[in-house]
Amino acid sequence: MESLFIIIAALTLVFLLYTLIEFLIGHNQIQNLSRQDLLTLDSLPKISIILSALNEESQIEAALTTLVNIDYPNLEIIAVNDRSTDATPQIMEKLQKQFPVLRIHHIQTLPPNWFGKNHALDVAAKLATGAWLLFTDADVFMKKDTLTKAISYVITNQLDHLTIHEHHRRASFWLKTGLLGSYLSYSMVMKPWRIRHAWSKRSLGHGAFNLIRKSAYEKVGGHQAIAMQCLDDLCLGAILKKNGFRQDTVNGRDFIEREWYHSLPAMIAGMQKNSFAFYKYRPLPMLRDCICAVIFFFWPLFAVVFCSGALCYLNMLNLLLTFLCSFYIAKQFRLEKYFAFLYPLSMGIMIYIMLNSVLATYRHRGVIWRGTHYSLDMLKRRSI
């Protein structure tokens, strides 16, 4: 039995060493948007910024104000009020009167076989007149030169799709702890540095910033092709990559930020509908990843305390490598470095989030999003 555990520890060591090396090389391959040279203003295409808002009265005015103040010569902003019941539509209408670049569209009903957000974005995309579409969220804040930098990068590198991981405003200790687990999982699973390569099947999309050539968007079927996908941003990136369109990501955390979640309970609740969807509602792959997380992040701690000899020494190395991975990711995503010591707690939170998503989906026999229930059978049938 001890020999089996030594083999597991040795394989874990190889995996963690490979992961650390890939983190170091991969994240350094992602370009920083601040280094992008600007193209001349008269060569920049028209961009339509598109967003959907449902009951966002606390943030919609501030977010839209940053968008209308973006320094870009050829711009329109289409904001969709998706069945809001608070003051969101009144705030949006007030802003439309102040800023001619802003167009407001109201949706009162949701047609069948659509997620609300996807339907709202689809409606807005059909109204858009820009050669490029920027899909964003109603709580995202951008600096004035974000679009000029981003489209210059896209044109220079001949891309069809650029996505950017935003900086998260994080107030509480427990939220930061949970987010560290999210950043680790994101880097290990998504490997964003690979998406630019045609040989890689990796793809990506971020709700805060998905800049897409309109002709490419229409060719893949737009949001109609992902009408029943919870992870609309990721799925949009996936179908673009699958159809051969070029995509990339950049480090734009100096340009884009949002308060993704205001607390750890809000993060757990917000990821309840998404986590199981990532696995296409298949429990076995999720269970596999939970078991792997236990082996990589928890078993070495146990082995160092309760084992001896080669097994203990191998797992001490595993602990060191895991800490270095965690430290590097904390640095990349601008968390205080001491959170690297809390990676077991962070990954424990991620495992809980995944299992909670499975249990909630089966308990509700589907997903509840924006006040509408979608059956699990329908979600499985429409999964891509």
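Reference entry: report on the structure contained in this document.

Quick notes on the rules
Residues numbered from 1 in each chain as written. Predicted model: local features only at pLDDT ≥ 70, side-chain atom pairs only at ≥ 80, totals over all residues. Heavy atoms only, no water. Helix = DSSP H or I, 4+ residues; strand = E, 2+ residues; numbered from the N terminus. Rg over C-alpha atoms; globule rule 2.2 N^0.38 Å. Buried < 20%, exposed > 50% of the residue type's maximum accessible area, 1.4 Å probe, protein only. Contact = heavy atoms within 4.5 Å. Pairing = 2+ DSSP bridges. Axes fitted to C-alpha atoms, helices over the stretch in contact; angles between N-to-C directions. Polar contact = N/O pair within 3.5 Å; in protein donor to acceptor, adjacent residues only side chain to side chain. Expected span 1.5 Å × (residues − 1). Salt bridge = Lys/Arg side-chain N within 4 Å of Asp/Glu carboxyl O.

**Topic: the overall build of the protein**
- Helices and strands together make up the secondary structure of the protein, namely 15 helices and 12 strands.
- The C-alpha radius of gyration computed for the protein amounts to 22 Å, which stays within 12% of the reference 21 Å derived for 384 residues, consistent with globular compactness.
- By principal-axis analysis of the C-alpha atoms, the protein measures approximately 70 × 50 × 40 Å.
- Burial analysis of the protein (384 residues in total) assigns 58% to the buried set.
- Taking the intrachain contacts of the protein between residues at least 6 apart in sequence as the baseline, contacts between residues at least 24 apart amount to 81%.

**A word on the sheet that holds strand S4 (residues 132-135)**
- Spatially, S3-S2-S1-S4-S8-S6-S9 is the arrangement adopted by the 7 strands of the open sheet, whose pairing is mixed. Single-partner strands in this sheet number two, and they are strand S3 (102-107) and strand S9 (247-251). Taking the axes of each pair of neighbouring strands and ignoring which way they run, one obtains an average angle of 20° across the sheet.
- Relative to S4, strand S1 (residues 47-53) is paired through 4 bridges, and the arrangement is parallel. Looking at S4, one finds that Ile47 is bridged to Trp132.
- Along the sheet, helix H2 (residues 60-68) makes contact with S1, strand S2 (75-82) and S3, crossing S1 at roughly 180°.
- Helix H4 (residues 116-127) rests against S1, S2, S3 and S4 of the sheet, and its axis sits at about 145° to S2.

**Quick look at the side chain of Glu166**
- One can find Glu166 in the loop between strand S6 (161-165) and strand S7 (167-168).
- A polar contact of 2.9 Å, which involves the side chain of Glu166, links it to the side chain of His168.
- Side chain to side chain, Glu166 and Arg258 meet in a polar contact 3.4 Å long.
- Among all residues touching Glu166, those that are not within four sequence positions of it are Ala208, Arg253, Ile256, Glu257 and Arg258.

**Digging into the side chain of Asn315**
- Residue position: Asn315 is located in helix H13 (residues 309-332).
- The buried category is assigned to Asn315, whose relative accessible area is 1%.
- Ignoring any residue separated from it by four or fewer positions in sequence, one finds Asn315 in contact with Ala9, Trp299, Pro300, Ala303 and Val304.

**Description of helix H6 (residues 173-190)**
- Between the first and last C-alpha of H6 there are 25 Å, a value that for 18 residues agrees with the 26 Å anticipated at 1.5 Å per step.
- At the exit of H6 stands Lys191, carrying a positive phi of roughly 45°.

**Details of the pattern of salt bridges**
- Applying the stated criterion across every chain yields a total of 18 salt bridges.
- The partner of Asp139 in a salt bridge is Arg258, and the shortest N-O contact between them spans 2.8 Å. Taken together, the residues Asp139 in the loop between S4 and strand S5 (140-142) and Arg258 in strand S10 (residues 256-258) connect sequence positions 119 residues apart.
- One salt bridge in this structure joins Arg258 and Glu166, with 3.4 Å as the shortest N-O distance. Linking Arg258 in strand S10 with Glu166 in the loop between S6 and S7, this pair joins segments that are 92 residues apart in sequence.
- Residue Glu166 is classed as buried on the basis of its relative accessible area of 5%.
- Sharing partners across several salt bridges, the network here consists of Lys117, Asp137, Asp139, Glu166, Asp232 and Arg258.

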